[in-house]
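As a plain string of letters, each chain reads:
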Amino acid sequence: MTEKTSFLQEVAEALRDNGIGAAVTALIGGTIALLASVTRKAFTNDAMLARLDRELSQERDRVDRQRAEDRDDDADRLERIETDIRAMRDLMFEAFQRGRTD
């Protein structure tokens with residue numbers, strides 16, 4: 001059965017088996033692998049942030065368009081209400097005028 005060993009245990013074993021040259025090589029290789037992992041994570045996070053910024057911008061644009069549509073709909077509805085009020089006022093005025101002359 002194979003046992004999983006830590007990075008430091010592998011370095012110590014390489015030092016015992018092959019001397020200081022192998023240990024230094026393993027340490028340098030591990031450091032390079034660690035730097036590669038950190039760099040990959042950093043670029044992944046930057047890409048994720050850029051994608052989230054894009055999505056946020058798109059969502060804001062969608063909300064702005066929806067608000068503009070809602071304002072237009074409200075303006076149209078208000079105009080219809082005002083037209084109905086004027087028509088009703090004119091109708092009542094006309095009826096009142098007829099009632100007084102009769």
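Each remark here, short or long, concerns the structure printed above.
Quantities reported herein were computed from a predicted structural model and do not represent experimental measurements. (Residues numbered from 1 in each chain as written. Predicted model: local features only at pLDDT ≥ 70, side-chain atom pairs only at ≥ 80, totals over all residues. Heavy atoms only, no water.)

A.B. asks: So what's going on with the overall build of the chain? Which residues, and what values?
C.D. replies: The helix and strand inventory of the chain stands at two helices and zero strands. Within the span of the chain, comprising 102 residues, buried residues form 4% of the whole. (Helix = DSSP H or I, 4+ residues; strand = E, 2+ residues; numbered from the N terminus. Buried < 20%, exposed > 50% of the residue type's maximum accessible area, 1.4 Å probe, protein only.)

A.B. asks: So what's going on with a negative patch on the surface? Which residues, and what values?
C.D. replies: On the surface, Glu-69, Asp-70, Asp-72, Asp-73, Asp-76, Glu-79 and Glu-82 cluster together into a negatively charged patch. Along the chain, the position of Asp-73 falls in helix H2 (residues 20-101). Here Asp-73 falls in the partly exposed class, since its relative accessible area comes to 47%. (Patch = residues over 30% accessible without salt bridge, like charges linked within 9 Å, V, L, I, M, F, W, Y side chains within 5 Å. Areas by Shrake-Rupley, 256 points an atom, 1.4 Å probe, with all protein chains shown as cover. Salt bridge = Lys/Arg side-chain N within 4 Å of Asp/Glu carboxyl O. Lys, Arg positive; Asp, Glu negative; His and termini not counted. Charge placed at Lys NZ, Arg CZ, Asp CG, Glu CD.)

A.B. asks: Account for a nonpolar patch on the surface, with residues named and values stated.
C.D. replies: Together, Ile-20, Val-24, Ile-28 and Ile-32 make up an exposed nonpolar region whose accessible area comes to about 390 Å². If you trace the backbone, Ile-28 turns up in helix H2. For Ile-28, a relative accessible area of 47% corresponds to the partly exposed category.

A.B. asks: Pulling in residues and values, what's your account of the pattern of salt bridges?
C.D. replies: Within this structure, the stated rule accounts for five salt bridges. One salt bridge connects Glu-55 with Arg-51, and the closest N-O pair in it is separated by 3.0 Å. You can see Glu-55 and its partner Arg-51 sitting in helix H2, four residues apart, about one turn around the helix. Put simply, Glu-94 and Arg-98 hold a salt bridge, and the shortest N to O gap is 2.9 Å. Linking Glu-94 with Arg-98, this pair stays in helix H2, spanning four residues, or about one helical turn.

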